[in-house]
Every structure is written in structure tokens, then in C-alpha cells.
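A look at the structure
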Amino acid sequence: MSDAEKGKNLAGHVCPWWLGYFLITPLRRILQSPEKILGSYVKPGMTVLEVGPGMGYFSLWMADAVGADGKVVCVDVQEKMIRALKRRAAKAGVDATIDARVCGAADLGVGDLDGQVDFCLVFAVAHEIDDVDAMFEQLRRTLKPNATCLVAEPKGHVGKKDFDNTIGWLAGAGFRVVEHPSVARSHAALLQRE
Ligand SMILES: C[S@@+](CC[C@H](N)C(=O)[O-])C[C@H]1O[C@@H](n2cnc3c(N)ncnc32)[C@H](O)[C@@H]1O
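Residues numbered from 1 in each chain as written. Predicted model: local features only at pLDDT ≥ 70, side-chain atom pairs only at ≥ 80, totals over all residues.

1. Examining the overall build of the protein
Which entries qualify depends on this criterion: Working definition: helices are DSSP H or I runs of at least four residues, strands are E runs of at least two. Numbering for both runs from the N terminus. Counting other C-beta atoms within 10 Å of its own, a residue is labelled buried from 20 upward, exposed at 12 or fewer, and partly exposed in the gap between, with every C-beta atom placed from the backbone.
A tally of regular secondary structure across the protein gives seven helices and seven strands. Ordered by position in the sequence, the α and β elements of the protein form the string α-α-α-β-α-β-α-β-β-α-β-α-β-β. Along the first, second and third principal axes, the C-alpha atoms of the protein reach 50 × 35 × 30 Å. Relative to its full complement of 194 residues, the protein shows a buried share of 42%.

Written out as C-alpha cells, the structure is:
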């Protein structure tokens, strides 16, 4: 089996930090409204894990949605993304709900969350990760049984065949595919921890 078939990513590049500013533009809401995409998954009191949040386009909305009794843990490999996310969270008054961390390229640094997470978001990130199966194994350990994870990839960067290969691999590695939600300009799958 080739690396691509096993869920390993060979692209090997990370979104430049300055692109983070384009990803938080309010115009993005026209096509990718956080409420429409995440409204049926993120509920008050939940613990949410977001891998690769960038500057927090989805994180701030999720912090509002989980409320004061919930928590959103955001892990990103780029310190500049995390710094901007923290600034934005403070400005929006949700910094007490968001725990933003710089992680390693191969280590999400979420060992303290084992079995605690209700929902996980991996949006436009998987194609930047070298070893997707290793990353999802760390992520899987954080999820409660039957908790879900939304994975979305940009159609411009990732072909359907590559996305299907990645999801197919994850489906045999402790997850089941429960839904293919419609997300503009994206391939998307909702995975559930077995
Ligand atoms: C294209 S941006 C998407 C940002 C955000 N999810 C969004 O949709 O606005 C990809 C993000 O993933 C982060 N990233 C790349 N590799 C990562 C890794 N191994 N672990 C965590 N984050 C990573 C990048 O630093 C960047 O912030």
C-alpha cells in the first residue's frame, strides 16, 4: 500500500502565517458560515478540540456556542497563528473559554484531554500534516466514545480521490464515517469514534 493510500500526506507544506488574515475575513461567512457548518455538532457545555485553527475563524464561534461551561482547545503548529487567535479571543471576550496551544508537527500535545472531548474540528488542515494517521490516532484518544470529528478539506488543494483515500484509511483506524455534510468548496466527512 502506498503512503497516500495509508493516509500519509506527501504535500509537506504549512499555510503561511500571513494567509491566516485572509481566512478570518467576515466575507468567508457568505460561503462557510460557522453556524451552518457546526451548529448541529457544537452545543453548550461541550469540550471541543480544534486542530489547526489558524487565527480562529471557527474557534471564536465555537467558544460562543459551548458557552462558559464549555471549553475549546485549539492546537496549531504556528506560534503566530496562536498569538493572533489569543488576541482575537480576548477582544471577543471568549479568552476564558479558549485554551490555545502551540503544538509540534507530529505531537498535538493533548495527552491531558484523553477521553474528554465531545467534538473535534479539523478544517483545511489534514493536507498539511505529514502523518495523518498518527495525528488522528492522538486525536482519537482524546474523544469520548461515539464523539464526532468533522474533517473538511479545500477542493482547490485536495482532489476527491485523495480525500476519499484519507477518510477510507481513517474509517479502518478506529473511526466510522457517519455523514458527508455539504460544505461549500470543500470535501467533508463526519467521523465518529468507535
Ligand atoms: C489552511 S489553515 C486553516 C485554518 C483554519 N482551520 C481555517 O479553516 O480557517 C491550516 C492551519 O493548520 C495548521 N497546521 C499545519 N500543520 C499542523 C499540524 N501538524 N498540527 C497542527 N496544526 C497544523 C497551520 O499552521 C494553519 O494554521
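2. Observations concerning unusual backbone geometry
Glycine aside, a negative phi is what most residues show, and trans is what most peptide bonds show. Here the phi dihedral of A124 falls at roughly 60°; this positive angle occurs in a residue that is not glycine. For A124, the position within the fold is in the loop between β4 (117-123) and α6 (132-142). Here R185, not a glycine, exhibits a phi torsion of approximately 60°, which is positive. On the secondary structure map, R185 appears in the loop between β6 (175-179) and β7 (186-193).

3. Things to note about helix α5 (residues 79-92)
Our working rule: Expected helix span is taken as 1.5 Å per residue step, with the number of steps being one fewer than the number of residues. Contact definition: two residues whose C-beta atoms, as placed from backbone geometry, lie within 7 Å.
Over its 14 residues, α5 extends 20 Å from the first C-alpha to the last, a length consistent with the 20 Å expected when each residue adds 1.5 Å. Buried residues in α5 make contact with α1 (20-23), α4 (57-66), β2 (71-76) and β3 (98-102). Of the residues flanking the end of α5, it is G93, one or two places downstream, whose phi is positive at about 75°.

4. Considerations on α6
Side chains that are three or four residues apart share a direction in an α-helix, a result of its 3.6 residues per turn. The test is simple: Arc definition: directions from the helix axis to the C-beta atoms.
Taken as a whole, α6 has its buried residues at V132, M135, F136, L139 and T142. Buried positions in α6, seen along its axis, are confined to an arc of 100° and lie on one side of it. For α6, the elements touching its buried residues are β1 (47-51), β4, β5 (143-154) and α7 (160-171).

5. Re the site of the ligand
Operational definition: Each residue receives a C-beta atom placed from its backbone. It is near a molecule or strand if this atom lies within 6 Å of it. Gly falls in the polar group here, along with every residue not listed as nonpolar (Ala, Val, Leu, Ile, Met, Phe, Trp, Tyr, Cys, Pro) or charged (Asp, Glu, Lys, Arg).
Around the ligand, 20 residues are found, and the nearest of them are C15, L23, G52, G54 and E128. For the shell around the ligand, the class distribution of residues is 15 nonpolar, three polar and two charged.

6. Description of the confidence of the model for the protein
What counts, and what does not: What pLDDT conveys is the predictor's confidence in a given residue, as a value from 0 to 100.
A residue-level look at the protein finds 94% of positions with pLDDT of 70 or above and a mean pLDDT of 93. Below pLDDT 50 for its whole length, residues 1-11 participates in 24 contacts with residues either more than four positions away or in separate chains.

7. Some thoughts on the pairing of β1
This is how the line gets drawn: Note on pairing: two strands pair once DSSP finds at least 2 bridges between them. By the criterion used throughout, a crossover qualifies as right-handed when its path from the first strand across the helix to the second strand runs clockwise, the strands pointing away from the viewer.
In terms of residue burial, β1 counts as a mostly covered element, since five of its five residues are buried. Alignment of β1 against β2, held across five bridges, turns out to be parallel. Counterpart to L49 in the pairing with β2 is V73. In this fold, β1 hands off to α4, which returns the chain to β2; that crossover is right-handed. Note: β1 against β4, three bridges, orientation parallel. Looking at the pairing, E50 lines up with L121 of β4.

8. Thoughts on the sheet that holds β3
The condition that has to hold: Note on geometry: axes are C-alpha line fits, over the in-contact stretch for helices, and angles between N-to-C directions span 0 to 180 degrees.
Read across the sheet, seven strands follow the order β3-β2-β1-β4-β5-β7-β6 without closing on themselves; strand pairing throughout is mixed. In this open sheet, the two edge strands, each paired with only one partner strand, are β3 and β6. Averaged over all adjacent pairs, the angle separating strand axes in this sheet is 20°, with direction ignored. Pairing of β5 with β7 involves seven bridges; the strand directions are antiparallel. Bridging across to β7, A152 finds its partner in A188. Helix-sheet contacts for α4 involve β1, β2, β3 and β4, and the interaxial angle to β2 is about 160°.

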